[in-house]
Amino acid sequence: MSNYHIKHLEEYYQVYRKSVRNPEAFWEEIAEEHFVWRKRWDNVLSWDFSKPEIKWFEGAQLNITENCLDRHIPTRGNKTAIIFEPNDPKEEAEYITYRQLHERVCKMANVLLEKGIKKGDRVCIYLPMIPELAISVLACARIGAIHSVVFAGFSSNALATRINDSDCKLAITSDGSYRGSKTIDLKGIVDKALEACPGIENVLVAKRINSTIEMVPDRDHWLQPLLDEAYGDNVAEIMDAEDPLFILYTSGSTGRPKGMVHTTAGYMVYTAYTFKNIFQYREHDVYWCTADIGWITGHSYIVYGPLANGATTVMFEGVPSYPDYGRFWEVVQKHKVTQFYTAPTAIRALAKENLEFVEKYDLSSLKVLGSVGEPINEEAWHWYNNNVGKKNSPIVDTWWQTETGGIMISPIPYVTPTTPTYATLPFIGIQPALMDENAEEIKGNQVEGRLCIKFPWPSIARTIWGNHERYRDTYFTAYENMYFTGDGALRDAVGYYRITGRVDDVIIVSGHNLGTAPIEDSINEHPAVAESAIVGFPHDVKGNALYGYVILKETGEGRDKNNLRKEINQQITEQIGPIAKLDKIQFVSGLPKTRSGKIMRRILRKIASNDTSNLGDTSTLLNPEIVQEIMDNAL
Ligand code: WT7
């Protein structure tokens, strides 16, 4: 029996029991047999959730890119590592072999070194989904620089906040990007951001759309000429197991984005192991995850997990609707994709279109379908299963988070029988717990509670960059000795988990994690606005959409309301990005508040969802009369 590749249910239970009874021995065996190390660890695991401090494979030395690249060259040098599928289907796809990828990563690493980047320095990557993005990520890892990828849909303001939070020294971007029929001026966004980022010394600029852009002398450098000059080999920096590999920002319910810090060895072991099993990857498969590398899904399951397994991974630059709604399926047919991993919001958007867009293409290569980012509703699940999988490809509904680094609860395809809307069973090594209001664990089945994890797994984030206290407060104080996820979940009669959604002030819109506070802050900066509150309401494509309640200042009251709505959304777009725009904005004269001044979001949520039959007790409010006014004018 190979613990590395689980092939039937009995084996899952056996391996699971092993991983929980003796986690150290279990992970040690996986780490030993499936990765290359420069030095072996002294200790497999030490942990203390009260500090919190978690260390895996302490004392070990390695470079993750030797595991993702160098070690494959003797056996898979000519195998395609990355298939780049461009935005425009008329442009040719690019096939990058492991040997070529190694060379391109080494060249990029040498360019970074030449620009003075050293082990431990932070590099911000703000690129579209072009090969340079994966190459930049790996090049940072090669030299021990900590990459901070910022999704290239974020605004200049959001970019500047992230660059400054982690003191990045260098930024990598492109002249622009393609998105469906549009082009986006990425370099312009970077220039604007950098007005507020004195720490950035150099900007490397990839050419993608051939637009005319401004190059700031001594700061901005075209990337290609530097790569052309660079040497094609590079001696990998030797990293300690717990050296930071990257920072990735995620929204919190309050305050600034949290720079989640992932470290090297545990992250590598866990993402590789989950990738192998949850996608049942075999040597000649072509795996495609449609996420952007700007999110954790792309880090773990486009770049590191697949490459550590010597897989062929597709990078798609475009959108599902361009040139038409058949694009995903055209790409599946073209590259004979075997594993396809996407988000429920994309499935729901495509399910609204004519079935011909799916039926036109040969999807018989598909073996596994994945879903991630938000709960998948029953209708979308069946549409995916019937029309894409033709009832022949199991759906893996994978629950996890930026903070968890890798997939935590998921079926193993062809192993775990699936049930629509259930993420099913904890993955190997994962020990979930459901907690009640009194912070007691709820044992047994057919129960619902707040989802926690009782024991560390190798890829858990180790801290929040520059703010360890916030890390502890956010994840480890609600329940003693547990990691708190922020999600609610139920466990059914057979022990399957179903994620019911966030229980905090994070709202998932189209699979993007948005905190209410930063959006409210941005609205409140509008000169006509006095105060605001954001809640989510159900939306048939986005899962949730945002509903804003806004109190105007006297100066705003006479203004045209539709213009104000546009301005507010413009403000949000500039400060955060278009993904955080509000679908509905209702102007109100007050917000329901408790006597201690806290906004009662529960009531606002119900009104936004048009579910006002039972608003609960409003008598304890400071201003109960406001509820009727808000209801009467609800949108
Ligand atoms: C939140 C984490 C990790 C990948 C992308 C999102 C929600 C994620 C599922 C799922 C129900 C899910 C949770 C989680 N979520 N996957 N399969 N079923 N909910 O990462 O941006 O850190 O968001 O996404 O609410 O806490 P993220």
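The protein chain is annotated in an unreviewed UniProt entry as Acetate--CoA ligase of Maribacter cobaltidurans. For the protein chain, the Sequence similarities (unreviewed entry) comment in UniProt is given as "Belongs to the ATP-dependent AMP-binding enzyme family."

**Regarding the UniProt feature "domain: AMP-dependent synthetase/ligase" (unreviewed entry) in the protein chain**
Following the UniProt record, one finds the feature "domain: AMP-dependent synthetase/ligase" (unreviewed entry) at residues 71-461. Across residues 71-461 one finds 31% helix and 22% strand; the C-alpha atoms that close the span lie 26 Å apart.

**Describing the domain arrangement of the protein chain**
Looking at the protein chain, the domain boundaries give domain 1 (9-464) and domain 2 (506-632). If you average the C-alpha positions of domain 1 and of domain 2, the two centres end up 33 Å apart. Each side of the interface is counted separately: domain 1 has 19 residues, and domain 2 has 22 residues. Across the interface of domain 1 and domain 2, roughly 1500 Å² is buried in total on both sides, 51% from carbon and sulfur atoms. Connecting domain 1 to domain 2 are 1 salt bridge. Note that K352 is salt-bridged to D540, the shortest N-O span being 3.3 Å. Along the contact surface separating domain 1 from domain 2 lie 10 residue pairs in polar contact (both at pLDDT 80 or more). For the side of domain 1 that touches domain 2, the secondary-structure elements that each account for two or more residues are α7 (156-165) and α13 (344-351).

**Quick word on the environment of V541**
One can find V541 in the loop between β28 (529-539) and β29 (543-552). Along the sequence, V541 and T65 sit 476 residues apart, while their C-alpha atoms lie 38 Å from each other. Once you skip the residues sitting within four places of it in the chain, V541 turns out to touch T345, R348, A349 and K352.

**What to know about the environment of T419**
Topologically, T419 is positioned in the loop between β20 (395-398) and β21 (432-435). By relative accessible area, T419 is classed as partly exposed at 28%. Taking the C-alpha atoms as reference points, T419 and V396, separated by 23 residues in sequence, lie 9.8 Å from one another. Apart from residues lying up to four places away in sequence, T419 is in contact with W381, T424 and Y496.

**Thoughts on the site of the ligand**
The full set close to the ligand counts 17 residues, and D397, T398, T402, D487 and R502 are the nearest of them. In this structure, a nitrogen atom belonging to the ligand sits 3.4 Å away from a main-chain N or O atom of P375. Within the contact set of the ligand, a nitrogen atom lies 2.7 Å away from a side-chain nitrogen or oxygen of D397. For the ligand, whose accessible area on its own is 560 Å², the fraction buried by protein is 96%. Along the lines of polarity and charge, the residues of the shell around the ligand split into 7 nonpolar, 6 polar and 4 charged.

**Digging into the sheet that holds strand β23 (residues 463-464)**
Across a sheet, paired strands are connected by hydrogen bonds in the backbone, their directions being either parallel or antiparallel. Read across the open sheet, the 8 strands follow the order β12-β11-β8-β6-β7-β14-β15-β23; overall the sheet is mixed. Two strands in the sheet have a free side with no partner beyond their single neighbour: β12 (220-222) and β23. Bridge analysis of strand β7 (residues 146-149) against strand β14 (residues 244-250) gives 2 bridges, and the strand direction is parallel. For H147, the partnering residue across the bridge sits in β14 and is F246.

**A short note on the nonpolar core**
Judged by nonpolar contacts, the single largest core of 123 residues is most densely connected at W37, F57, L101, Y273, F279 and Y304. Leaving out residues up to four positions away in the same chain, F57 has contacts with W27, E28, A31, W37, W41, N43, V44, A241, A265, G266 and V269.

**Quick notes on the UniProt feature "domain: Acetyl-coenzyme A synthetase N-terminal" (unreviewed entry) in the protein chain**
Look at the UniProt record and you will see "domain: Acetyl-coenzyme A synthetase N-terminal" (unreviewed entry) annotated at residues 12-68. Overall, residues 12-68 shows 47% helix and 25% strand. The separation of its end C-alpha atoms is 26 Å.

Conventions and cut-offs
Residues numbered from 1 in each chain as written. Predicted model: local features only at pLDDT ≥ 70, side-chain atom pairs only at ≥ 80, totals over all residues. Heavy atoms only, no water. UniProt positions renumbered as here; feature names shortened; annotations may be inferred. Helix = DSSP H or I, 4+ residues; strand = E, 2+ residues; numbered from the N terminus. Domains from an automatic or database assignment. Contact = heavy atoms within 4.5 Å. Buried area = accessible area lost by both parts, 1.4 Å probe. Salt bridge = Lys/Arg side-chain N within 4 Å of Asp/Glu carboxyl O. Polar contact = N/O pair within 3.5 Å; in protein donor to acceptor, adjacent residues only side chain to side chain. Buried < 20%, exposed > 50% of the residue type's maximum accessible area, 1.4 Å probe, protein only. Near = heavy atom within 4 Å. Areas by Shrake-Rupley, 256 points an atom, 1.4 Å probe, with all protein chains shown as cover. Nonpolar A, V, L, I, M, F, W, Y, C, P; charged D, E, K, R; others polar. Pairing = 2+ DSSP bridges. Core = buried A, V, L, I, M, F, W, Y, C linked by side-chain atoms within 4.5 Å.

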